[in-house]
Amino acid sequence: MINLRPATPADLNLLRRWDEQPHIIDAKTNDDWGWEIELDRTPDWREQLIAQIDNRPIGFIQIIDPALEESHYWGDDVAANLRAIDIWIGEEKELSKGYGTQMMQLALNQCFADSAVTAVLIDPLANNTRAHRFYERFGFQFVEPRRFGDDDCFVYRLNRADWENQRAIASR
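Figured I'd write up the structure that's included with this text.

Rules of the game
Residues numbered from 1 in each chain as written. Predicted model: local features only at pLDDT ≥ 70, side-chain atom pairs only at ≥ 80, totals over all residues. Heavy atoms only, no water. Helix = DSSP H or I, 4+ residues; strand = E, 2+ residues; numbered from the N terminus. Rg over C-alpha atoms; globule rule 2.2 N^0.38 Å. Buried < 20%, exposed > 50% of the residue type's maximum accessible area, 1.4 Å probe, protein only. Contact = heavy atoms within 4.5 Å. Areas by Shrake-Rupley, 256 points an atom, 1.4 Å probe, with all protein chains shown as cover. Lys, Arg positive; Asp, Glu negative; His and termini not counted. Charge placed at Lys NZ, Arg CZ, Asp CG, Glu CD. Salt bridge = Lys/Arg side-chain N within 4 Å of Asp/Glu carboxyl O. Pairing = 2+ DSSP bridges. Right-handed = clockwise from strand over helix to strand, strands pointing away. Core = buried A, V, L, I, M, F, W, Y, C linked by side-chain atoms within 4.5 Å.

A short note on the overall build of the protein chain
When you go through the protein chain residue by residue, the secondary structure sums to six helices and seven strands. When the helices and strands of the protein chain are listed from N to C terminus, the series reads β-α-α-α-β-β-β-α-β-α-β-β-α. In terms of overall size, the protein chain behaves like a compact globule, its C-alpha atoms giving a radius of gyration of 15 Å where 172 residues would be expected to give roughly 16 Å. Along the three orthogonal principal directions, the C-alpha set of the protein chain runs to about 40 × 40 × 30 Å. In the protein chain, which comprises 172 residues, the proportion classed as buried is 47%. Partitioning the contacts of the protein chain with sequence separation of at least 6, the portion at a separation of at least 24 is 65%. Accessible area of the protein chain: about 9400 Å², with a carbon and sulfur share of 47%. Of note, the protein chain has its 19 positive side-chain charges centred 7 Å away from the centre of its 30 negative side-chain charges.

Below, the structure written as structure tokens:
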């Protein structure tokens, strides 16, 4: 069973090591996450979480409010009441074990626990077809291609109603 805990400065070396893993380099944008600074910060608009099994870290999740996020990564005109997720498994040996699915379920539950949240956004690299299929299994719908900095990405969106319908179907 996977649980989530806040990422802390004690996770700095772990996150740096994960950043160097080939499967992560291939899957995430070129942005510098600034771990040394960001792990000490806890702004109201962001959660940085470590996914773990029996206290063993296996992955990372970041949930942000894109309307309030300081860098305006998602743009200046992003709607209120959205969330955006970044998610990855740290070690390649932990891939294809269902951990990503469990992590995403936990992240979506956390996002939609706030009744004001209307949808969740994600922005996988345009060439990361494996990630596209992963998100589509959760009901995310392709919105548009978009360039974020130097990266060509696809924007996907999961509306609350679609998420609730999927949960209802799954519980039957």
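The discussion continues.
Remarks on the side chain of D123
With respect to the secondary-structure elements, D123 resides in the loop between β5 (119-122) and α5 (129-137). Look at D123: it is buried, it has no salt bridge, and the nearest opposite charge is R146 at 7.8 Å. Apart from residues no more than four positions distant in its own chain, D123 is found in contact with Y73, W74, D86, F148, C153 and F154.

Remarks on the pairing of strand β4 (residues 82-89)
Across the eight residues of β4, seven count as buried, placing the element largely inside the fold. Examined bridge by bridge, strand β3 (residues 56-64) and β4 share six bridges and lie antiparallel to one another. Within β4, the position partnered with G59 by the bridge is I89. Both β4 and β5 contribute to a ladder of three bridges, which runs parallel. Looking at the pairing, L82 lines up with A119 of β5. A crossover links β4 with its parallel partner β5, the connecting element being helix α4 (residues 99-112), and its sense is right-handed.

Quick look at the nonpolar core
As a rule of thumb, soluble globular proteins bury nonpolar side chains together. One finds I61, I85, M103, M104, L108, Y135 and F140 to be the most contacted residues of the largest nonpolar core, which totals 28 residues. Elements with a contribution of two residues or more to this core: β2 (46-53), β3, β4, α4, β5, α5 and β7 (151-159). By residue number, the principal contributor to this core is α4, which donates seven residues. When residues no more than four places from it in sequence are discounted, the contact partners of M104 are I85, I87, F134, Y135, F138 and F140.

So, unusual backbone geometry
At D54, a residue that is not glycine, the phi angle is positive and equals roughly 50°. In this structure, D54 sits in the loop between β2 and β3. Using a relative accessible area of 70% as the deciding quantity, one classes D54 as exposed. Residue H72 is not a glycine yet carries a positive backbone phi of 60°. Among the secondary structure elements, H72 is positioned in the loop between β3 and β4.

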